[in-house]
Amino acid sequence: MDFFYTQEQKMVRETARKFAESTILPAAAGIDRDDRFPREIYRGLAALGLFGVSLSEQAGGSGLDTTAACIAMEEIARCSGAVGNMYAIPVEAAQLLHEHGNDSQRAWIPRILDGSAISATGVTESDAGSDVAGMRTTALLDGDHYVINGSKAWVTFGQVFDFMMVFAKTTREPGHHNISCFLVEADRPGIVRGRNEELLGMHGLEDCQVTFDNVRVPVHNRIGPENRAFKMAMGNFNFSRLMMSSMALGMARAAFEDAHRYAKDRRQFGQAIFDFQAIQFMLADMSMDIAAARLLIHHAARLFDAGQPIAKEAAHAKLFTTDMAMKHASNALQIHGGAGYSRHHRVERIFRDVKLAQIYEGTNQIQRVIIARQVDKEMS
Ligand SMILES: Cc1cc2nc3c(=O)[nH]c(=O)nc-3n(C[C@H](O)[C@H](O)[C@H](O)COP(=O)(O)OP(=O)(O)OC[C@H]3O[C@@H](n4cnc5c(N)ncnc54)[C@H](O)[C@@H]3O)c2cc1C
């Protein structure tokens, strides 16, 4: 299928794969065990220019496209789902600031791209997850400042961020018409970081609750126009869902490769278990679903770069890829038998890591809601 890809996209795959296999793979089990942010690896990805791969040259990026970012993600996540997850953060932050930020906010972009500044995003709250409009955090205007009060839950890089993009309401009314987004630097007084969440997988994300207690930010820290951030967040989900899909795709590939290798090595009843048709069929389904997922993702990426609306296509990609990755991580573990249920084999880690992909960037139930709505619009 390589004829689909440009020379530049192939080079990105080669660069990302080389770094992932030589540097991420040997560290992956340790990152999982220690549950600490691997700053050196993060900087290594930045040094290769991978954080700005889909960003225009004028914005400081490489001027490639969304497919290239998806390809890089697939290769990184194939060697560590958690590092893949970390990779998404700067790619998406730079994109958001480039599209919606003012000059002083865009000044963060070079530091995001070289890995010296770490961003985080706060949308979710303990009582407002899928229902984003149910958020309670407020940012009330006081002269030339907004005063932010509230708590954000599950913040990836919550412990280590240098600035956070915080979504908050400028009035106390219900609904989404009053949501704005603010760039909040980590050294502003009133920011309290909670304890690290103890996660099933994806260790190293430094995920925690972040509370804002009368945090004052100047008006020029607002990203985009006042009260338009709901639409901005929904628009950014299109891009981030393709990144998450590619992350799950990389993990599915790793599970498939491990399952194939194990099936060839492991002997029972005097033969390699690969020779049992039950095992071959599981591997055949993995091969087919991985290929189908990649087509869905890269199709949506091309439409996105062509400026087409992709709410349905991004949801197709996210839903199909993350469900198939979870199913095949489970089947790959099954092929390993009892050994798969132990930490000796990386399939155990993939099984834990990949579950998250069905939950965030909009749960897979929410993806079905989006698809049904879009289909209804198209067909009515
Ligand atoms: C490790 C991790 C990292 C995260 N990082 C971030 C981050 O950096 N920033 C951030 O803002 N958030 C982050 N999140 C939050 C994540 O986006 C939310 O967990 C996710 O959106 C789901 O919200 P919830 O957990 O409140 O689940 P809920 O919304 O409470 O959903 C619970 C269940 O109900 C279902 N459900 C809800 N509404 C509907 C509906 N209308 N129709 C059908 N089913 C429905 C859901 O699909 C789900 O199965 C992270 C979460 C985790 C676990």
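Criteria and thresholds
Residues numbered from 1 in each chain as written. Predicted model: local features only at pLDDT ≥ 70, side-chain atom pairs only at ≥ 80, totals over all residues. Helix = DSSP H or I, 4+ residues; strand = E, 2+ residues; numbered from the N terminus. Rg over C-alpha atoms; globule rule 2.2 N^0.38 Å. Buried ≥ 20, exposed ≤ 12 C-beta atoms within 10 Å, placed from the backbone. Near = placed C-beta within 6 Å. Nonpolar A, V, L, I, M, F, W, Y, C, P; charged D, E, K, R; others polar. Domains from an automatic or database assignment. Axes fitted to C-alpha atoms, helices over the stretch in contact; angles between N-to-C directions. Parallel < 35°, antiparallel > 145°, perpendicular 65-115°, else oblique. Left-handed = near helix turned anticlockwise from the far one by under 90°. Core = buried A, V, L, I, M, F, W, Y, C linked by C-beta atoms within 7 Å. Contact = placed C-beta atoms within 7 Å.

## Describing the overall build of the protein
For the protein, the helix and strand inventory stands at 11 helices and 10 strands. Relative to the compact-globule value of 21 Å for 380 residues, the protein shows a C-alpha radius of gyration of 21 Å, a close match. Referenced to the eigenvectors of the C-alpha coordinate spread, the extents of the protein come out at roughly 80 × 50 × 40 Å. The 380 residues of the protein split such that 49% are buried.

## Things to note about the site of the ligand
Taken together, 20 residues surround the ligand, and among them Val123, Gly129, Ser130, Thr363 and Gln365 come closest. With three residues, the single largest contributor to the shell around the ligand is helix α11 (residues 364-379). Taken together, the residues of the shell around the ligand sort by class into 11 nonpolar, eight polar and one charged. Of the residues that make up the shell around the ligand, three or more belong to each of domain 2 (119-227) and domain 3 (230-379).

## Side note on the packing of helix α7 (residues 229-265) against helix α9 (residues 311-335)
Taken N-terminus to C-terminus, the directions of α7 and α9 make an angle of 20°; their axes are 8 Å apart at the nearest point. One finds that α7 runs roughly parallel with respect to α9. As α7 packs across α9, the resulting crossing turns out to be left-handed.

## So, the nonpolar core
With 117 residues, the main nonpolar core has Phe182, Met251 and Ala329 as its most contacted residues. In terms of residue count, α7 provides more of this core than any other element does, 18 residues in total.

## Section: the environment of Arg373
Topologically, Arg373 is positioned in helix α11. In this structure Arg373 comes out as partly exposed when scored by C-beta crowding, with 13 C-beta atoms within 10 Å. Expressed as a C-alpha distance, the spacing of Arg373 and Lys312, which sit 61 residues apart in the sequence, is 8.7 Å.

## Points about the domain arrangement of the protein
Domain boundaries in the protein define domain 1 (2-113), domain 2 (119-227) and domain 3 (230-379). Here domain 1 and domain 3 have C-alpha centroids that lie 20 Å from each other. Taken residue by residue, the interface counts 22 residues in domain 1 and 24 residues in domain 3. Within the residue set of the side of domain 1 that touches domain 3, elements represented by two or more residues are α3 (66-79) and α4 (81-100). Looking at the side of domain 1 that touches domain 3 residue by residue, the class counts come to nine nonpolar, seven polar and six charged.

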